[in-house]
Amino acid sequence: MTNFRSHLYFLLLGAIALIILPYFISSRFYIDVLTLIFFTAYLGQSWNILGGYAGQFSFGGVMFFGTGAYVSSILLTTFGFPPIFGIFLAIMGGALLGLIVGYMSFRSGLKGSYFALITLAFAELLRVLANSVEFTGGGVGLFLTYAPGLSNLQFESPVGFYYFALVLMFISIAIVYWLESSRFGAQLVAIRENEDAAEALGVDTLKCKIYAIMIMGGMGGAAGTFYAQKYLYIDPPISYSIALSVEMLLVTIVGGMGTVFGPLIGSFVLHTVNEIARHFISTPGLSLIVYGFILIVIISYLPNGLIGLFRKTRENKEDNDA
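Residues numbered from 1 in each chain as written. Predicted model: local features only at pLDDT ≥ 70, side-chain atom pairs only at ≥ 80, totals over all residues. Heavy atoms only, no water.

1. Observations concerning the overall build of the protein
At step 1: When its secondary structure is counted, the protein shows 14 helices and 2 strands.
At step 2: By its C-alpha atoms, the protein is 65 × 50 × 45 Å across when sized along the principal axes.
At step 3: Split into buried and exposed, the 322 residues of the protein put 48% on the buried side.
At step 4: Within the protein, residue pairs in contact and separated by at least 24 positions form 78% of the contacts whose partners lie at least 6 positions apart.
At step 5: For the protein, the computed accessible surface area is about 16400 Å², with 68% contributed by carbon and sulfur atoms.
At step 6: One finds the centroid of the 15 positive side-chain charges in the protein at a distance of 3 Å from the centroid of its 17 negative side-chain charges. (Helix = DSSP H or I, 4+ residues; strand = E, 2+ residues; numbered from the N terminus. Buried < 20%, exposed > 50% of the residue type's maximum accessible area, 1.4 Å probe, protein only. Contact = heavy atoms within 4.5 Å. Areas by Shrake-Rupley, 256 points an atom, 1.4 Å probe, with all protein chains shown as cover. Lys, Arg positive; Asp, Glu negative; His and termini not counted. Charge placed at Lys NZ, Arg CZ, Asp CG, Glu CD.)

Here it is as structure tokens:
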């Protein structure tokens, strides 16, 4: 109970600090960087539910992001349906796609690299379809009208999108906190550790994995709406970008898979390193080499991510104190 209360106090203090932080930052650049960190942490957290807790690695998580972006954008541009309601249909669209992909994949017994590759194939299939049909704008994409207002989830100031991304991130943390203390979360962890043993103990592994990918899909759908309303343009290469799929799993792996704050820490570290490298290294391409080298070091020597390093340091300190 004491540990829970300390975590709750920490969360409240952190939330208050992040809420008031924009009042002390005058630079639009730093607001945009923080918004990107929160947004990427949210995407990483969606991947964390399926990959970190359930142990089902996906290379095609961007399919939910792209589907959500197209659902809300098409509803807005074709039917005038406001995004403040369209985001819920985007969530439903992402969850439905998760149900379809999950049922087809898990029912067929796909695991490990086979499941990762089939999700990548689904993402590529959706990219080709979006590039071919007329109602998505084809290769030209969809242009959204700039009309600031809560109903359009658009804001005149970048601080509005900062709070939008912050709310999404808080929701994702709340979902994972619920997983940590729920029976469903325990079942996902059991599947991750040993799926055959979990099934022998009575866990409906198929249903649990489908629920997990549906949650991931719904979260990805909301992320797609956020992106579309912030940048006012989507096209197939953006909406179904493999680079975004890789970033989702990278921030989680670097921060710590199967942890509450791993994606946030990973997102903060990777984006901070990237911005510092771009700022201080002017040679074209060299900043990406430095960024890649740091990633290799973290992944090679910290298999449990930065959260694992913090835990190991704390345990060593407690052992020394004892």
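That covers the picture; the talk isn't over yet.
2. A look at the packing of helix α2 (residues 28–53) against helix α7 (residues 183–193)
At step 1: For the pair α2 and α7, the least separation of the axes is 8 Å and the interaxial angle reads 50°. Classed by the angle they form, the pair α2 and α7 counts as oblique. Judged by residue contacts, I49, G52 and Y53 of α2 engage L188, V189 and R192 from α7.
At step 2: Its residues assigned to classes, the contact of α2 with α7 comprises 4 nonpolar, 1 polar and 1 charged. (Axes fitted to C-alpha atoms, helices over the stretch in contact; angles between N-to-C directions. Parallel < 35°, antiparallel > 145°, perpendicular 65-115°, else oblique. Nonpolar A, V, L, I, M, F, W, Y, C, P; charged D, E, K, R; others polar.)

3. Some thoughts on the nonpolar core
At step 1: Ranked by size, the top nonpolar core spans 69 residues in total, and within it F38, L50, M63, F65 and L188 carry the most contacts.
At step 2: Those elements giving two or more residues to this core turn out to be α2, α3 (62–79), α4 (83–107), α5 (112–132), α6 (158–181), α7, α9 (205–231) and α11 (242–255).
At step 3: Residue contributions to this core peak at 13 residues, all from α2.
At step 4: Those residues in contact with F65, other than ones at most four positions away along the chain, are F39, L43, G220, A223, G224, Y227, I238, S239 and L244.
At step 5: The next biggest cluster of nonpolar side chains, apart from the first, holds 8 residues, and it includes L250, L295, I298 and L302. (Core = buried A, V, L, I, M, F, W, Y, C linked by side-chain atoms within 4.5 Å.)

4. Some thoughts on the pattern of salt bridges
At step 1: Under the definition given, this model contains 5 salt bridges.
At step 2: The salt bridge partner of K230 is D32, with a shortest N-O separation of 4.0 Å. Of this pair, K230 sits in helix α9 while D32 sits in helix α2, placing them 198 residues apart in sequence.
At step 3: Between E195 and K209 there is a salt bridge; the shortest N-O distance is 2.8 Å. Taken as a pair, E195 in helix α8 (residues 195–200) and K209 in helix α9 lie far apart in primary sequence, 14 residues in all. Per residue, the accessibility class of E195 equals that of K209, and both read buried.
At step 4: Here the salt bridges share partners, and the residues they tie into one network are R28, D32 and K230. (Salt bridge = Lys/Arg side-chain N within 4 Å of Asp/Glu carboxyl O.)

5. Notes on the packing of α3 against α4
Pairs of packed helices are described in terms of their axes, by the angle between the two and the distance that separates them.
At step 1: Relative orientation of the contacting elements α3 and α4 amounts to 140°, with a least axis distance of 8 Å. By the angle between their axes, α3 is oblique relative to α4. Seen from above, α3 lies across α4 with right-handed handedness. Taking contact as the criterion, the partners of M63, F64, T67, G68, V71, S72, L75 and L76 in α3 are, on α4, P83, G86, L89, A90, G93, G94, L97, G98 and V101.
At step 2: Taken together, the residues of the contact of α3 with α4 sort by class into 10 nonpolar, 7 polar and no charged. (Left-handed = near helix turned anticlockwise from the far one by under 90°.)

6. Remarks on a nonpolar patch on the surface
At step 1: A grouping of I16, I19, I20, Y23 and F24 is seen on the molecular surface, where their side chains present a nonpolar patch of about 590 Å² in accessible area.
At step 2: Positionally, I19 belongs in helix α1 (residues 2–20).
At step 3: Note on I19: relative accessible area 40%, which makes it partly exposed. (Patch = residues over 30% accessible without salt bridge, like charges linked within 9 Å, V, L, I, M, F, W, Y side chains within 5 Å.)

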